[in-house]
Amino acid sequence: MARLTTEYGIEEDSRYALCVREAVLSAVLFLLAAVAGLGSIYGLTVGRDPEMYGAVLGLPSYLFWGIIITVFTFLLALLVSLRWVFQEVNLDPIDPSIREGVTDG
Amino acid sequence: MNWPIIVPFTVYITLNIIIGLYGKRVLAGTKAEDFVSEYYAGGRSLGGFVLAFTLTTSLVSAGTFIGTPALGYSEGFVWLVIASGQITGGVLVLGVLGKKFAIVARKINAYTVPRVLAVRFPHPLVGAGSAVIMVLFLTFYMSAQFIGGSLIFETMAGVPYVVGLVLMVFTTIFYTSVGGYRAVVLTDTLQGLVMLLGVGALFVAILSYAGGMSELINQLHTMDPALLTPDAGGDYSWGTIITIGWVLVGIGLLGMPHVAVRGLTFRDSKAMHRAMVLVTVVMFFFTFVMMFLGTAANVVIGPGVEVADTVIPLTIMALFPPTMAGIILAAPFAAIMSTVSSMLLVSASGLVGDVWVDAMGKELSWSTRAKLDRRTTLALGGVVFAMALVPPPFLQSIVFYAIGGLASCFLVPLIFGLYWQRANTYGAIASIVLGTGGYILIARFIPRPLGLHDLAWSLALSVVAMVGVSLLTEKPSKEVIEAFWGKGKMDNDPYVTAAK
């Protein structure tokens, strides 16, 4: 199925490819954090009584690894993504490439 | 009346009113044709710091400060686990709606979420229908906030429920209707800082009260080991935990119009990037500490408090001397007022802009529009006030219900509308009707099928309806695709064309 922009002969705003990539990456980061967080919470507690959870900084270990460390790692991954993937984009209503006269159609 | 608590609180409320007046001055200085942009979007001029705070404080409400800790008090750390789904939700909202949402909104000149939907799916059922559903669920949501606030005021300061309610409603409506979005985000920032300080102080206080973290956990263990388990000793299935935590208060946040609208108002992409980091840090802090406190409160005030929603205020009173308690008390109040103010504003914009002006085709001069906007904000506040007069037994159930309803209506049309070209009007109508209708029916008649929260089911229905119906019916028009994917600013408004 052809994209409708192609079918209608519409030139797509050049910024949207990046927008899609960033949106997908944000969703992936969210999902990875969910899997890591829930996974460690489940793994550290399943089939154990509370006295067997172990403690980190006095907290039950699953709270430390499943929430604190997970969020910390998520933040690091976010910073890395913001540095290397996300880009500064002009939010002007008109595609900036038109103004610069690069691909004026 | 407990004056040492009331005085610092009054000072704080006065500050908020002053900010409202500042917002009014900025509004008075704007040209008539810029009024709507300024009133609803602060002239799209928000930087990263303010954006992060207005986003967080709109997300974090009586739910995070009162309702969920109350659940954590009776059921334990399971609610800390569940609520942690919302920590990364801010990144999801900013990142997934992202720059595409910001650019499209500028192209089509939109300041509200229903307006974005109405241009993408040009039909009054989408534009006005979604606005009405939005106002309906937001009204529930807001009344829960005021109920929470007045309840605290009653518990802590001995102020009669109705008096507290009047005070809160008056202040919030005042600075919202007078100052608009700029006043809202500035007060949000002030309130966010107050919340940070209050929450930090509470955390330190409870640890020193119990004699350290290990000691606190030991005492909780002695009281009831189930409090320490991530599933309330087996009472919660993992399906329930995941669908409330990561679907309802995680992914569901994408469908909150009062939150999503913040994605329309940032100044540039740099502001958005900074806000993504800040929002995660602040959300983590609020969520972790408040939910932890809810359970830890068992050690401070003992188990068996009659009205669970008063757990946090009672704990604050037990931990601090009265004047300090009055200052800390400002934190949950800030959470409540900041949420309500943003909700009032998007509700008013929905009724005036999306229903009255766009769908019913009323032409309004700018000055009439400005007046109508303010009056609607006032009237809505009145309705919420009336609803909050008689509080229902559980606050958090209303909050969850409202979040689910809003997400059932908005999430799928918004995401598919932004990123899937083939999504069309029929698909959107089907997804709104089946999503929202399905949600209301499931919640009413067969709550939590298979242990999964109602929203998980209504979202699935909504996706199927959107994809299935879109593919079976005609493609969206060239105008629509041009507006949402083309290079230029929108020339012909598809919504206006469709109405002709």
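On a predicted model such as this, the values are computed, not experimentally measured, just so you know.

**Q** Before we move on, could you go through helix H3 (residues 48-59) of chain B and cite the residues and values that matter?
**A** Residues and elements named next belong to chain B. In this model H3 runs 16 Å from its N-terminal to its C-terminal C-alpha over 12 residues, within 8% of the 16 Å that 1.5 Å per residue would give. Within H3, 10 of the 12 residues are buried, leaving the element largely enclosed by the surrounding structure. The set of residues buried in H3 consists of Gly48, Leu51, Ala52, Phe53, Thr54, Leu55, Thr56, Thr57, Ser58 and Leu59.

**Q** Any chance you could break down the interface of chain A and chain B for me, citing the residues and the numbers?
**A** Facing 55 residues of chain A, the contacting portion of chain B comprises 63 residues. Interface area lost by chain A to chain B is led by Tyr16(A), Phe30(A) and Leu91(A), which between them contribute 15%. Linking chain A with chain B are four salt bridges. With a shortest N-O distance of 2.7 Å, Lys99(B) and Glu22(A) are connected by a salt bridge. For the pair chain A and chain B, the number of links is 16 residue pairs in polar contact (both at pLDDT 80 or more).

**Q** Residues and numbers for the pattern of salt bridges, please.
**A** As enumerated under the stated definition, the model contains eight salt bridges over all chains in all. Put simply, Arg3(A) and Glu12(A) hold a salt bridge, and the shortest N to O gap is 3.1 Å. For Arg3(A), a relative accessible area of 41% corresponds to the partly exposed category. Three or more residues joined by partner-sharing salt bridges are found here, namely Asp13(A), Arg15(A) and Lys107(B).

**Q** Residues and numbers for the confidence of the model for chain B, please.
**A** All names here are of chain B. In this model, chain B carries a mean pLDDT of 86, and residues with pLDDT of at least 70 account for 96%. The secondary-structure element of chain B with the lowest mean pLDDT is helix H2 (residues 35-41), recorded at 69, while helix H19 (residues 454-472) shows the highest, at 95. Among the prediction metrics, the complex's ipTM stands at 0.90, with pTM recorded as 0.89.

About the criteria used
- Residues numbered from 1 in each chain as written.
- Chains lettered and ligands numbered in written order.
- Predicted model: local features only at pLDDT ≥ 70, side-chain atom pairs only at ≥ 80, totals over all residues.
- Heavy atoms only, no water.
- Helix = DSSP H or I, 4+ residues; strand = E, 2+ residues; numbered from the N terminus.
- Expected span 1.5 Å × (residues − 1).
- Buried < 20%, exposed > 50% of the residue type's maximum accessible area, 1.4 Å probe, protein only.
- Contact = heavy atoms within 4.5 Å.
- Buried area = accessible area lost by both parts, 1.4 Å probe.
- Salt bridge = Lys/Arg side-chain N within 4 Å of Asp/Glu carboxyl O.
- Polar contact = N/O pair within 3.5 Å; in protein donor to acceptor, adjacent residues only side chain to side chain.
- pLDDT = per-residue confidence, 0-100.

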